[in-house]
Protein chains: 2
Amino acid sequence: MTFLDEYKAKKRELHYLSDAVGLMYWDLQTIAPEGGKEKLSDSISYFSTEHFKKSTSDEYYNLVCKLAEKEEFEKLDDVYQHDIRITKRDLEKSRRIPADFYEEYVKTTTESGIIWPKAKENNDYKMYEEPLAKTIDAVKKIKSYTDPDKKVYDALIDDFEEGMTQETIDRVFGELKDALVPLLEKILKAPQPDHSKFTMKVPAHEQAELCKFLVEYMGMDMTRFAQAESAHPFTTSMGSIDDVRITNHYYETESISAIFSAIHEGGHAIFEQNVDKKYDGTCGANINYMGLHESQSRFYENILGRNINFWKPIWPKVCEIVPEYKNVTLEEFVREINHVQNSFIRTEADELTYCLHVILRYEMERAIFIDGAKVSELPAMWNKKMDELLHIIPKTDSEGILQDMHWSDGSFGYFPSYLLGSIYDGMFIEAIEKDLGSIDDILAAGEIKKITKWLNENIHQYGSTRTSGEVLEKVCGKELSAKPLIEYFTKKYTEVYNL
Amino acid sequence: MTFLDEYKAKKRELHYLSDAVGLMYWDLQTIAPEGGKEKLSDSISYFSTEHFKKSTSDEYYNLVCKLAEKEEFEKLDDVYQHDIRITKRDLEKSRRIPADFYEEYVKTTTESGIIWPKAKENNDYKMYEEPLAKTIDAVKKIKSYTDPDKKVYDALIDDFEEGMTQETIDRVFGELKDALVPLLEKILKAPQPDHSKFTMKVPAHEQAELCKFLVEYMGMDMTRFAQAESAHPFTTSMGSIDDVRITNHYYETESISAIFSAIHEGGHAIFEQNVDKKYDGTCGANINYMGLHESQSRFYENILGRNINFWKPIWPKVCEIVPEYKNVTLEEFVREINHVQNSFIRTEADELTYCLHVILRYEMERAIFIDGAKVSELPAMWNKKMDELLHIIPKTDSEGILQDMHWSDGSFGYFPSYLLGSIYDGMFIEAIEKDLGSIDDILAAGEIKKITKWLNENIHQYGSTRTSGEVLEKVCGKELSAKPLIEYFTKKYTEVYNL
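Analysis parameters
The residue numbers shown here count from 1 along each chain, following its written sequence. Think of it this way: whatever chain is written first is A, whatever ligand is written first is 1, and the rest follow in order. Local features in a predicted model are, by the rule used here, given only for residues with pLDDT of at least 70; side-chain atom pairs are given and counted only at 80 or more, and totals for whole chains, interfaces and linings are based on all residues. The basis for every side-chain value is the complete set of heavy atoms in the structure, and neither hydrogens nor water enter the calculation. Without a salt bridge and with relative accessible area above 30%, a residue can belong to a patch; like charges are then joined within 9 Å and nonpolar side chains (Val, Leu, Ile, Met, Phe, Trp, Tyr) within 5 Å. Using a 1.4 Å probe, the Shrake-Rupley method yields the accessible areas, and only the shown protein chains count as cover for residues. For salt bridges, the criterion is a side-chain nitrogen of Lys or Arg within 4 Å of an Asp or Glu carboxyl oxygen. Here a helix means four or more residues in a row that DSSP labels H or I, a strand means two or more in a row labelled E, and each is numbered from the N terminus. Think of it in three bands: residues with accessible area under 20% of the maximum for their type are buried, residues over 50% are exposed, and the middle band is partly exposed, with areas taken using a 1.4 Å probe on protein chains only. We call two residues contacting when some pair of their heavy atoms lies within 4.5 Å. Buried area: the accessible area, evaluated with a 1.4 Å probe, that two parts lose upon being put together, summed over both parts. Residues adjacent in sequence count toward polar contacts only when both atoms are side-chain atoms; beyond that, a polar contact is any pair of N or O atoms within 3.5 Å, and within protein one must be able to donate a hydrogen and the other to accept it. Alignment of copies: least-squares fit on C-alpha atoms of residues with pLDDT of at least 70 in both copies. A pair of strands counts as paired when DSSP detects no fewer than two bridges linking them. To define axes, lines are fitted to C-alpha atoms, for helices over the stretch in contact only, and angles between the resulting N-to-C directions are given on a 0 to 180 degree scale. Any two rings among Phe, Tyr and Trp, with Trp reduced to its six-membered ring, count as a pair given centres within 6.5 Å; such a pair is stacked if its planes are under 30 degrees apart, edge-to-face if over 60, and tilted if neither.

Caption draft 1: Layout of a nonpolar patch on the surface. A contiguous nonpolar patch, built from F52(A), Y102(A) and V106(A) and spanning about 250 Å² of accessible area, is present on the exposed surface. Along the chain, V106(A) turns up in helix α6 (residues 99–121).

Printed below as a string of structure tokens:
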């Protein structure tokens with residue numbers, strides 16, 4: 001048995017364990033009855049712990065180091081060279097964390113994760129202050145172990161979008177803010193569409209059927225796909241590109257929400273399905289550049305899905321699946337899905353104001369990790385920024401600073417990924433139109449799969465062997481810029497709102 | 001740490017592994033896409049092997065033996081005394097099988113399991129003869145290891161219904177056969193109902209909603225229950241009484257099939273949900289008396305579900321959920337669900353002829369294991385028995401001897417359980433009516449949950465700590481007899497068919 005064979009066998013075992021956890025999580029979120037949840041959570045703990053033990057063992061690490069030595073490394077193909085490089089880097093990071101501190105870190109973030117929903121429910125920021133402060137300290141400390149040479153916030157951003165820095169984000173988010181705040185002001189002065197036509201009841205089974213139809217239309221391989229219902233939509237792959245699943249929620253009077261969740265998660269899933277099979281079971285298949293991942297989901301959701309030409313070829317079919325839509329015209333439907341409103345909750349925001357919600361969170365994280373803002377000052381800071389960006393002030397912390405889960409479990413640095421994804425999308429529009437011609441025309445001709453094929457070939461197949469920066473360089477040949485996204489928004493909303 | 005603590009920890013680990021396998025199997029059968037099935041099967045193999053290794057280790061066995069020693073055993077409560085007794089007995093059986101023979105056994109039955117569906121599809125018994133012969137030999141050999149002091153067929157029956165013998169089955173099946181064949185002859189001469197009204201299309205989502213309503217009506221705790229769709233209906237528990245699940249199939253024009261699958265699997269699930277929680281994680285919770293298990297599913301399906309009084313209180317609600325049923329009367333519906341026909345396929349048979357299908361298979365197994373019948377003689381024997389019992393002769397082996405999966409994977413001795421379940425049911429009717437009064441009246445009053453409560457208290461709570469024989473003795477105070485079932489059938493069909 002070669003070192004590589006031995007490594008592959010160990011890695012396969014790790015995958016059996018992590019795939020089991022993935023399946024249990026899927027089951028917990030989709031179908032497990034209330035009574036079974038505790039037991040499933042216990043099982044998840046057991047298999048996660050087994051995975052942690054095996055993946056951090058000296059035996060495994062020594063094998064990885066052996067394969068990273070020049071003589072062995074040169075024998076590997078590109079797939080395993082990438083895999084060993086990433087595995088070694090990540091192991092070195094995690095092995096620098098002292099075991100007793102890691103335990104403390106898990107305890108701190110778990111406690112904070114338990115208190116957050118209670119604080120949100122009771123609109124009680126006070127009870128969340130201490131756990132949040134402790135979590136921030138724990139996050140700072142863990143980064144001092146894993147990335148001793150980096151600034152804390154850069155290290156956090158890097159976790160979710162490798163190679164990205166605070167400096168770059170400052171630049172592009174700044175450009176966006178300067179352009180979008182005045183654009184929003186103009187829009188809010190213009191006449192708004194009538195929402196009342198869209199409160200019709202659509203039964204869950206019709207919504208589910210429509211969602212299935214839409215993702216298939218986008219180019220999903222349905223033999224490697226499943227969809228189910230859960231409280232919050234998400235995408236997950238069962239450890240291979242051949243089994244990728246999404247969830248959705250079907251509220252009777254909010255069918256449009258389900259449609260756009262399906263298109264969004266469908267975009268993530270098409271990315272996952274189309275990674276080159278040669279990366280199966282290696283780090284190349286594990287797409288952990290969240291900005292890049294969000295760029296794909298948001299490209300389908302916003303750039304394609306909110307374009308009238310997406311719907312033109314399929315509108316009769318949509319009305320056949322959901323007869324309730326026969327009472328509205330295609331034009332009314334498209335107007336509704338492009339309705340801009342300044343509202344408090346990020347997850348319910350439209351395409352345009354969503355950007356401002358993310359910028360707000362980024363500026364808050366910057367204040368926390370760079371300017372050393374105190375947790376007691378954060379709610380006032382949040383409200384001030386809401387006023388500045390969206391011209392509204394939350395009446396409660398529940399619809400303000402307490403709304404998101406991310407900080408409660410220590411996921412600082414994640415928020416920027418959402419908006420980075422949209423900024424990449426602006427740049428991808430240019431690249432696609434250069435190669436394939438007008439997106440409007442392709443969509444109107446019912447040929448969306450041509451765009452999917454382009455994304456497959458230029459982005460998806462590489463999995464995580466190219467960082468977002470490398471993808472932009474290869475695909476667009478340009479540095480990151482918010483200008484294309486700004487142009488897209490300006491053109492779009494000038495038309496939609498007759499500005 | 002005491003020996004018991006150590007044992008509990010090891011047993012818990014075994015449960016994590018077997019529960020993972022259970023969940024993967026559930027997922028494979030219900031939602032996994034085609035593309036993910038191979039990977040899921042690999043995972044199932046991995047975790048099954050891990051479970052096998054740990055459960056057959058000397059370390060585990062020695063611990064069990066230690067706890068079985070008088071001094072330690074006496075310290076255990078009744079739950080763990082039962083658990084240790086059963087665990088030790090089963091381990092001793094399986095440890096007597098030589099490892100290399102076990103591998104051969106698995107290979108033989110796997111091969112036979114692969115060829116069977118092909119033989120069935122191609123109506124080619126010839127290609128199945130050799131694998132079947134090898135499987136029979138392998139089964140005989142494995143029983144000579146596990147149960148050297150028993151006759152092979154008794155040992156096989158004992159696997160599925162502990163304590164039952166061929167002698168007892170001969171007696172009760174004989175009684176039944178003598179009574180049911182002439183009853184069927186009379187029925188077949190009587191006028192038959194019009195089936196054409198029951199080919200209406202009922203959408204899957206309506207069927208699923210009705211099934212959920214029915215099991216809840218029967219007394220299912222819905223917070224510990226889930227239902228999903230699969231090719232063949234089955235019940236499974238996710239390793240605890242707090243998460244019991246059933247599957248169903250929803251064919252548009254066969255809604256009655258889905259209804260009775262739901263009531264049948266619902267009966268199994270109510271049994272699983274109501275085992276005393278103190279047996280959690282021990283052998284007491286693992287109900288492996290298949291006759292007793294079938295007695296519960298078949299009690300709900302046939303004795304209760306095919307009784308007009310079951311439907312009387314809920315018929316308006318049924319028609320509300322499935323508006324298509326408004327075109328038939330309650331009387332027509334009940335007539336349809338009690339339609340007796342002599343047909344070829346066991347799984348599609350009605351309540352009465354089902355018994356004869358099982359008797360046929362039992363007599364075949366008897367011929368194989370006791371009389372030493374040759375596999376080449378079996379198809380002719382099957383057809384002769386069909387003629388004798390049901391007065392029809394299959395035109396092909398596919399609708400004859402090749403129809404069932406059971407023999408292909410070595411599950412000889414399972415078939416009698418189905419009919420034993422119905423025989424127990426006949427006896428339970430007497431016991432219930434003695435305690436609670438007329439079943440008809442209870443059902444008509446919409447008080448089916450009273451019957452469920454009686455079953456919970458008298459049967460379910462004991463899990464597998466009482467064999468079927470012990471249950472009959474405690475509940476009915478009588479020896480096994482087919483007479484109550486015969487009386488039930490005679491009374492029922494004399495009325496239904498005006499004999």
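Next comes the rest of the description.
Caption draft 2: Up close: helix α8 (residues 152–160) of chain A. All names here are of chain A. In terms of burial, α8 is a largely internal element, 7 of the 9 residues being buried. Along α8, the residues that are buried comprise Y153, D154, A155, L156, I157, D158 and F160. Considering only its buried residues, α8 is in contact with α5 (78–95), α7 (125–146), α9 (166–189), α12 (290–304), α16 (351–369) and α18 (415–436).

Caption draft 3: View of the interface of chain B and chain A. Chain B puts 34 residues into the contact, and the matching count from chain A is 34 residues. Taking both partners together, chain B and chain A bury about 2,600 Å²; carbon and sulfur atoms supply 65% of that area. Of all residues in chain B, the largest losses of buried area upon contact with chain A belong to Y16(B), K39(B) and Y46(B), amounting jointly to 23% of the total for that side. Across the chain B-chain A interface, the total number found is 4 salt bridges. Here D27(A) and R245(B) are joined by a salt bridge, their closest N and O atoms 2.6 Å apart. At the junction of chain B and chain A, the tally comes to 13 residue pairs in polar contact (both at pLDDT 80 or more). Elements supplying a minimum of two residues to the side of chain B that touches chain A: α1 (3–30), α2 (37–55) and β1 (225–229) of chain B. Element by element, the count of residues in the side of chain B that touches chain A is highest for α1(B), at 9 residues.

Caption draft 4: Summary view of the side chain of N456(A). Here N456(A) shows up in helix α20 (residues 448–458). Not counting residues within four places of it along the chain, the set of residues in contact with N456(A) comprises I270(A), N274(A) and Q461(A).

Caption draft 5: Broad picture of the relation of the copies chain B and chain A. Under the fitted operation, chain B is carried onto chain A by 0.0 Å of movement along the axis and a turn of 180°, and the coordinates agree to an RMSD of 0.0 Å. Both copies of the chain, as the preceding transformation shows, are related through a two-fold rotation axis. The overlap is high: 100% of the interface residues of chain B also sit at the interface in chain A, so the same surface is used on both sides.

Caption draft 6: Representation of the pattern of salt bridges. All names here are of chain B. Tallied over the full model, the rule gives 83 salt bridges over all chains. For the salt bridge of K10 with E59, the shortest nitrogen-to-oxygen distance reads 3.1 Å. Placement of the pair is K10 in helix α1 and E59 in helix α3 (residues 58–68), with a sequence separation of 49 residues. The exposure class of K10 is partly exposed, given its relative accessible area of 22%. Residue E59 is classed as exposed on the basis of its relative accessible area of 52%. Salt-bridge contacts for R346 lead to D404; the nearest nitrogen and oxygen are separated by 3.0 Å. Separated by 58 residues along the polypeptide, R346 in the loop between α15 (330–336) and α16 (351–369) and D404 in the loop between α17 (378–390) and α18 (415–436) bring together distant segments of the chain. Residue class for R346 comes out buried when judged on its relative accessible area of 5%. On the basis of relative accessible area, D404 is assigned to the buried category, the value being 11%.

Caption draft 7: Inspection of the sheet that holds strand β3 (residues 244–248) of chain A at higher detail. Residues and elements named next belong to chain A. Ordered in space as β1-β3-β2, the 3 strands form an open sheet in which the pairing is mixed. Of all strands in the sheet, those bounded by a partner on one side alone are β1 (225–229) and β2 (235–237). Taken over all neighbouring pairs, the strand axes of this sheet differ in orientation by 25° on average, direction set aside. Taken strand by strand, helix α1 (residues 3–30) contacts β1, β2 and β3, and its axis lies near 20° from that of β3. Those strands touched by helix α11 (residues 255–273) are β1, β2 and β3, and its axis lies near 165° from that of β3.

Caption draft 8: Geometry of the packing of aromatic side chains. Enumeration over the complete set of coordinates arrives at 67 aromatic pairs over all chains. Considering the side-chain rings of W26(B) and F234(B), the 6.2 Å spacing of their centres and the 80° angle between planes classify their relative orientation as edge-to-face. One end of the pair, W26(B), is in helix α1; the other, F234(B), is in the loop between β1 and β2 (235–237), with 208 residues separating them in the sequence. Across the pair, F234(B) and W26(B) agree in class, each one buried. Centre to centre, the rings of F160(B) and Y414(B) are 5.0 Å apart; their planes meet at 65°, and the pair counts as edge-to-face. Here F160(B) is found in helix α8 (residues 152–160), whereas its partner Y414(B) is found in the loop between α17 and α18, with 254 residues between them in sequence. Like F160(B), the residue Y414(B) is buried in the burial classification. The rings of Y153(A), F160(A), F173(A), Y354(A), Y362(A), F369(A), W382(A), W407(A), F412(A), Y414(A), F415(A) and Y418(A) are connected pair by pair, giving a single aromatic cluster.

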